[in-house]
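Coordinate analysis (summary)
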Amino acid sequence: MKTKRLTMAQALLGFLKNQYVERDGVEHRFFSGVLGIFGHGNVAGIGQALQENLDLPYIPVRNEQAAVHLACGYAKASNRLRTFVCTSSIGPGATNMITGAALATINRLPVLLLPGDIFARRNVAPVLQQLESPATQDVGVNDCFKPVSRYWDRIYRPEQLITSLPEAMRVLTSPSDCGAVTLALPQDVQAEAGDYPEEMFRKRVWPIRRPEPDRASFERAVEAIRASRRPVLVAGGGVLFSEASDALKRFCDATGIPAGETQAGKGSLPYDHPQCLGAVGVTGTLAANRVARNADLVMGLGTRFADFTTASMTAFQNPAVRFVNINTAEFDAFKLSAIPVVADARVALERLTQALAGYRVDADYSALVHDLKREWEAEVERLFHLGLEPRPAQSEVIGAMWEASGPRDVLLSAAGSHPGDLHKLWRTRSPNGYHMEYGYSCMGYEIPGAIGAKLADPSREVYVFLGDGTYLMMPGEIVTAVQEGVKLIVVLVDNHGFASIGGLSQSLGQGRFGTESRLRAPATGQLDGSFLPVDFEANARSLGACAIRAHGIGEFKTALERAKREDRTTVIVIETEREVRVPGYESWWDVAVAEVSEMTSVRASHAQYAEARGKERYHLAGLRGKEG
Ligand SMILES: Cc1ncc(C[n+]2csc(CCOP(=O)(O)OP(=O)(O)O)c2C)c(N)n1
Ligand SMILES: [Mg+2]
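Read on for a plain summary of the structure. A quick note: this is a predicted structure, and the numbers were derived from the prediction, not measured.

As a further point, take the environment of Val-596. Structurally, Val-596 is set in the loop between strand E23 (570-575) and helix H24 (600-613). Sequence separation between Val-596 and His-606 is 10 residues; the distance between their C-alpha atoms is 8.4 Å.

Here's what the structure looks like:
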């Protein structure tokens, strides 16, 4: 066997830069570079190896958490066909990545994390930033990555790379198991030399499979769909990952079945497709929620049925409702006692369209879908043009942004009141035109995630929509956007605090306690003084962005036009009327209310809560036998 003498870090990068994936006959280099921050735990190992491998570009970020968000944004916008590697020092640099790892795994996005780790050799322990244990020497902070990683390993000896890396690649490229992969790299081992087989550094192409459905489940699914009179599709993120939008369109055209969309699946169909009902669930449209409530068959397509989709198990109220789930992950396919079709979305849709030839929903149902959709579009128009002065409602800001954007532009957001409003109101015109991180709904994802989305496709304008609260979590990544010459249009909605959680608090009888951005007033000792004097415009400008403050919708529209002409990241700050919110549409979300309280408002809220919970259902009937 021919070998090459390299440090573990040199061997690792030598391997990673030669990994490719292939789907539908198209090849992609899987890792586009390495993101991170150097410290003593990686500078001599990975840092040195990066210098010798400049064809794997190194991109410094401002916070390790943001590195993982950036990689996730990139992977999501690339339909999981490409990603980044993230390197960190040991200790706090490493643990900063844990939130990102959870986000990746929950959203089923491939990211490779390489936290530095304490000395394997141990004789100099405890090293700077080492967590010690009196019970064992075999534990450290990187063990915290285990529950949030789909694959986790620690490389104690240089040759362990040779068997660990193929496992990491298997998981990262798996359509069903993908998520964060963590390889903890002790800082001494990173720099240690070993003899690595040359074979390890040859180009390797990993197939991204499109699994076919098994015959028995498929036939049962076809039978169930043919027998249904009020079927509805729930399109999840799997549709986009599978690039199944055209297949979905053909399926809907042929069968007349309408489709609601989850946050991750929004944009699976263009908003103006006659059977696109838009958002479904807690943040759903009236059209989708009404259709879902009465459906006798729900086809879950690439969805994991999170509580926002099932409206905390209240969305599907037809006593006879049954589920057919199409998913690459067996785990998701079996949810809600569905007929499990473990398969790729595109393949399954193509097969189903053929097998269902001659089936079509009746004219009454199509007419109902048509009417509900028309009513919904009128509601969106109303919310886009409320005409509030001097401060517009958030829905008007969304409307102006939508009107300014082009059909291929990307809207990106993650947490606050924005996911709910955008899920309902944004009119997605092309696949991946709506990029919402709502698996983890992580404040701070927006700016780094958007850098990732923009790097994935620089030809698309990326609009970032975020709140004052979420902006303050990670404004520093504007610096990374400037560094990389990445242009984003960031719309910062200032409503002086957490309008979303404030609204929730209010609805629970808690009067917005602790959710407004206010000074502590000396008179009361409470946070009930005037609004915090944060100058967001100056903040964004100080980080290198172009910054504009817009007063009212007219100025906001002008600012958007200017932002479109700018060639660098532009932040537009607009204050909104926080009391005017987009309502819910016949839906419910289970947030447990205090069962006992001194406060009458909380007691009243609990009484309503107990009643609403009565609508929550178990869906157990699907898999029972014929006699059942
Ligand atoms: C990292 C993180 N911490 C806390 C939360 C809980 N949370 C969800 S929305 C929100 C407030 C967001 O405030 P802002 O960005 O101003 O948006 P607004 O609610 O005003 O629309 C909070 C604290 C979260 N989603 N992520
Ligand atoms: Mg806010």
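As a further point, take the environment of Ala-604. Structurally, Ala-604 can be placed in helix H24. With 95 residues separating them along the chain, Ala-604 and Gly-509 place their C-alpha atoms 7.6 Å apart.

Attention shifts here to the packing of aromatic side chains. Under the counting rule described, the total for this entry stands at 12 aromatic pairs. Measuring from centroid to centroid gives 6.4 Å for Phe-384 and Trp-402, while their planes differ by 35°, and the two rings are tilted. A residue pair is termed long-range when its members are at least 10 positions apart, and Phe-384 in helix H15 (residues 363-384) and Trp-402 in helix H16 (residues 394-404) qualify at 18 residues. Both residues of the pair, Phe-384 and Trp-402, count as buried. Within the aromatic cluster, the residues linked to one another by ring pairs are Tyr-271, Phe-384 and Trp-402. Geometry around Trp-152 places Lys-146 over its ring, the cationic atom sitting 4.4 Å from the centre. Here the guanidinium or amino end of Lys-203 rests over the ring plane of Tyr-20, the centre of that ring lying 4.4 Å away.

Listed as protein donors to the magnesium ion (ligand 2) are Asp-468 (OD), Asn-495 (OD1) and Gly-497 (O); their distances from the metal cover 2.0 Å. Positions of the donor residues of the magnesium ion (ligand 2), expressed as sequence spacing, correspond to D-x26-N-x1-G. Separated by 29 residues along the polypeptide, Asp-468 in helix H19 (residues 468-473) and Gly-497 in the loop between strand E21 (489-494) and helix H21 (499-507) bring together distant segments of the chain. When sorted by exposure, Asp-468 lands in the same class as Gly-497, which is buried.

The next thing to look at is the sheet that holds strand E22 (residues 546-550). Strand pairing in a sheet is mediated by backbone hydrogen bonds. Such pairs are either parallel or antiparallel. Spatial ordering of the open sheet is given by E19-E18-E20-E21-E23-E22, a layout of six strands whose pairing is parallel. Two strands in the sheet have a free side with no partner beyond their single neighbour: strand E19 (434-436) and E22. Along the sheet, successive strands turn relative to each other by an average axial angle of 20°, direction set aside. The pairing of strand E18 (residues 410-413) with strand E20 (residues 462-467) spans three bridges and is classified as parallel. Bridging from a neighbouring strand, Leu-412 pairs with Val-464 of E20. Sheet contacts for helix H17 (residues 418-425): E18, E19, E20 and E21; angle to E19, the most-contacted strand, approximately 155°.

The subject of this paragraph is helix H3 (residues 64-77). Here H3 contains 14 residues, and its C-alpha end-to-end distance of 20 Å stays within 8% of the 20 Å for a straight helix at 1.5 Å per residue. Counting buried positions along H3 yields 13 of 14 residues, so the element is predominantly enclosed. Structurally, the start of H3 carries an N-cap: the backbone nitrogen of Gln-65 is 2.8 Å from a side-chain oxygen of Asn-63.

Conventions used here
Residues numbered from 1 in each chain as written. Chains lettered and ligands numbered in written order. Predicted model: local features only at pLDDT ≥ 70, side-chain atom pairs only at ≥ 80, totals over all residues. Heavy atoms only, no water. Helix = DSSP H or I, 4+ residues; strand = E, 2+ residues; numbered from the N terminus. Phe/Tyr/Trp six-rings, centres within 6.5 Å; stacked < 30°, edge-to-face > 60°. Buried < 20%, exposed > 50% of the residue type's maximum accessible area, 1.4 Å probe, protein only. Lys NZ or Arg CZ within 6 Å of the ring centre and 35° of its normal. Donors = N, O, S within 2.8 Å, 3.2 Å for Na, K, Ca; no water. Pairing = 2+ DSSP bridges. Axes fitted to C-alpha atoms, helices over the stretch in contact; angles between N-to-C directions. Contact = heavy atoms within 4.5 Å. Expected span 1.5 Å × (residues − 1). Polar contact = N/O pair within 3.5 Å; in protein donor to acceptor, adjacent residues only side chain to side chain.

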